[in-house]
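Commentary on secondary and tertiary structure
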Amino acid sequence: MKYDETAELPDELYELLDGRELITKQHEAMMLMTVTEEQWPHTAMISVGEIVALDPGHVRLAMWNGTATTRNMIRTEKATLVLVYSGKAYYVKLALRLLPVLPAAKHPRERFEADVVTVRVDVAQYADIRSGIQVDFKEPEAVLTRWYETLAELRL
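Residues numbered from 1 in each chain as written. Predicted model: local features only at pLDDT ≥ 70, side-chain atom pairs only at ≥ 80, totals over all residues. Heavy atoms only, no water.

1. Topic: the packing of aromatic side chains
A full pass over the atoms with the stated rule returns one aromatic pair. With a centroid separation of 5.2 Å and an interplanar angle of 90 degrees, the aromatic rings of Phe137 and Trp147 are classed as edge-to-face. Linking Phe137 in the loop between strand E9 (133-134) and helix H4 (140-154) with Trp147 in helix H4, this pair joins segments that are 10 residues apart in sequence. For Phe137, a relative accessible area of 27% translates into the label partly exposed. (Phe/Tyr/Trp six-rings, centres within 6.5 Å; stacked < 30°, edge-to-face > 60°. Helix = DSSP H or I, 4+ residues; strand = E, 2+ residues; numbered from the N terminus. Buried < 20%, exposed > 50% of the residue type's maximum accessible area, 1.4 Å probe, protein only.)

Spelled out as structure tokens, the structure:
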């Protein structure tokens, strides 16, 4: 394996998470890793409709209220985003800050701003990484509408 590390999202990740053209990105899902109070790893799936890159060094996340992942994020102020995209595995360490609640939010969520601490890019010299997690939505139009609205609220 070959590892490269940087403190910013590479161009291909920034473009994936820029909040644009969600219809072409709707099948991409990622793992968000946190740590429980008992110090166990905790994994949740998130989509491109729940995270937006403000610039290569900062992202915002919209998380469901009251979940184990959200509680872990509030408590530790840390998370790691894990995804396979464009033939590479990415491990993105995030330093989190809880944002104020939006009282008039159409889709109430806990909102976080995150500094990108490090991005490790993993490429296998002996194999091609073909895919990460892919999803198909039962009602894609409704999901895409909610995502655009959620990402607009993240930018507030």
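Next comes the rest of the description.
2. Some thoughts on the pattern of salt bridges
Tallied over the entire structure, the rule returns eight salt bridges. Measuring nitrogen to oxygen at the nearest pair gives 2.7 Å for the salt bridge that ties Glu113 to Arg60. Within this pair, whereas Glu113 is found in strand E8 (residues 110-123), its partner Arg60 is found in strand E5 (residues 58-63), the two being separated by 53 residues in sequence. With a relative accessible area of 15%, Glu113 lands in the buried category. Here Arg97 makes a salt bridge to Asp115, at a shortest N to O gap of 3.1 Å. In this pair, Arg97 is assigned in strand E7 (residues 88-98) and Asp115 in strand E8, connecting sequence segments 18 residues apart. Classification of Asp115 by relative accessible area gives partly exposed; the value is 27%. Salt bridges sharing common partners tie together Arg60, Arg97, Glu113 and Asp115. (Salt bridge = Lys/Arg side-chain N within 4 Å of Asp/Glu carboxyl O.)

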